[in-house]
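Topology and contacts: notes
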Amino acid sequence: MHLEKLQAFVLSNSDYGESDRIVSLFTLEHGRLKGFARGARNSRKRFGPALEPFARINLQLAHKEGLSSLRSADVITLYPGIRGELCAIAHGLYACELIESLTPEGHPIPRLYRLLASYLERLDSSLKGGDHPVPHHSGLNADRRMFEINLLNILGYRPSLHDCSRCGSGFDARGALIQPGGELACRFCAATGRLMSLDSLQKLDSCLTTSRFGQVAFDLDSLQMAGILLDESLATHTSRKFRSLEFLQQTCG
Ligand SMILES: [Zn+2]
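Residues numbered from 1 in each chain as written. Predicted model: local features only at pLDDT ≥ 70, side-chain atom pairs only at ≥ 80, totals over all residues. Heavy atoms only, no water.

1. A word on the environment of S165
- Mapped onto the elements of the fold, S165 is located in the loop between α5 (137-154) and β6 (176-179).
- With 51 residues separating them in the primary sequence, S165 and R114 have C-alpha atoms 29 Å apart.
- Ignoring any residue separated from it by four or fewer positions in sequence, one finds S165 in contact with E183 and L184.
- At 2.9 Å, the side chain of S165 and the backbone oxygen of L184 are in polar contact. (Helix = DSSP H or I, 4+ residues; strand = E, 2+ residues; numbered from the N terminus. Contact = heavy atoms within 4.5 Å. Polar contact = N/O pair within 3.5 Å; in protein donor to acceptor, adjacent residues only side chain to side chain.)

The following block contains the structure:
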């Protein structure tokens, strides 16, 4: 059987039967796919820690539609900085769940692959005792929002940040109102909704023009408004609640 060599992030894994595991992968070459890891629970030798969530790995697999067969996997990095801090683990798991829930199977999205790589590197390095020996929660939150708006943009789900979604006129200094479903409307078109200031709209827009995390400096107010919009937008694209979101809210407060 033809074996392919791929690069991937492990999104999640689940036990199967007595000794096997099914692994959800986000590969550079084929996008999201499921791999069957025979004997992964019995023999740690074969796969080692390579099937842990958000591990970055090289792998060999027999590619089939539905369920591919995973033959070997080697760790590129496990992001040890992230694994040392519960709040960072929660952010990493959440990023993986967003990709697992929102991307189609078998469809390569290299831009999203690179975004996830940059995000995990950022999480990992910001926790290695460099800038903040104690994790800085608003910094982690700003990075999370940068990841989310870019993810929505790459998948074609980005809310319009410049113009009203109903009448098309540009937002003025009074900002916009957040509507159910994560749309933004002007004050002529909507009577109610949480305010999103022009500053917050512009900060979020800036997140799309830089590929580097940490470049956009949110103040707490604009970060909070951006968060309400993004939570609302993301929730409309899934039929069930993100499991890791509750864990994130509990651990990061
Ligand atoms: Zn309008």
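After that view of the structure, there is still more to cover.
2. Looking at the domain arrangement of the chain
- Structurally, the chain comprises domain 1 (4-77) and domain 2 (80-252).
- One C-alpha centre belongs to domain 1, the other to domain 2, and the line joining them spans 28 Å.
- Taken together, the 23 residues of domain 1 in the interface contact 23 residues of domain 2.
- For the pair domain 1 and domain 2, the summed buried surface comes to about 1900 Å²; carbon and sulfur atoms form 63% of the total.
- Of all residues in domain 1, the largest losses of buried area upon contact with domain 2 belong to F26, R32 and F54, amounting jointly to 43% of the total for that side.
- Where domain 1 packs against domain 2, one counts two salt bridges.
- E105 serves as the salt-bridge partner of R32, at 4.0 Å between the closest nitrogen and oxygen.
- At the junction of domain 1 and domain 2, the tally comes to eight residue pairs in polar contact (both at pLDDT 80 or more).
- Secondary-structure elements contributing two or more residues to the side of domain 1 that touches domain 2 are β1 (4-16), β2 (20-27) and β3 (31-37).
- Counting residues per element, the side of domain 1 that touches domain 2 draws most heavily on β1, which supplies six residues. (Domains from an automatic or database assignment. Buried area = accessible area lost by both parts, 1.4 Å probe. Salt bridge = Lys/Arg side-chain N within 4 Å of Asp/Glu carboxyl O.)

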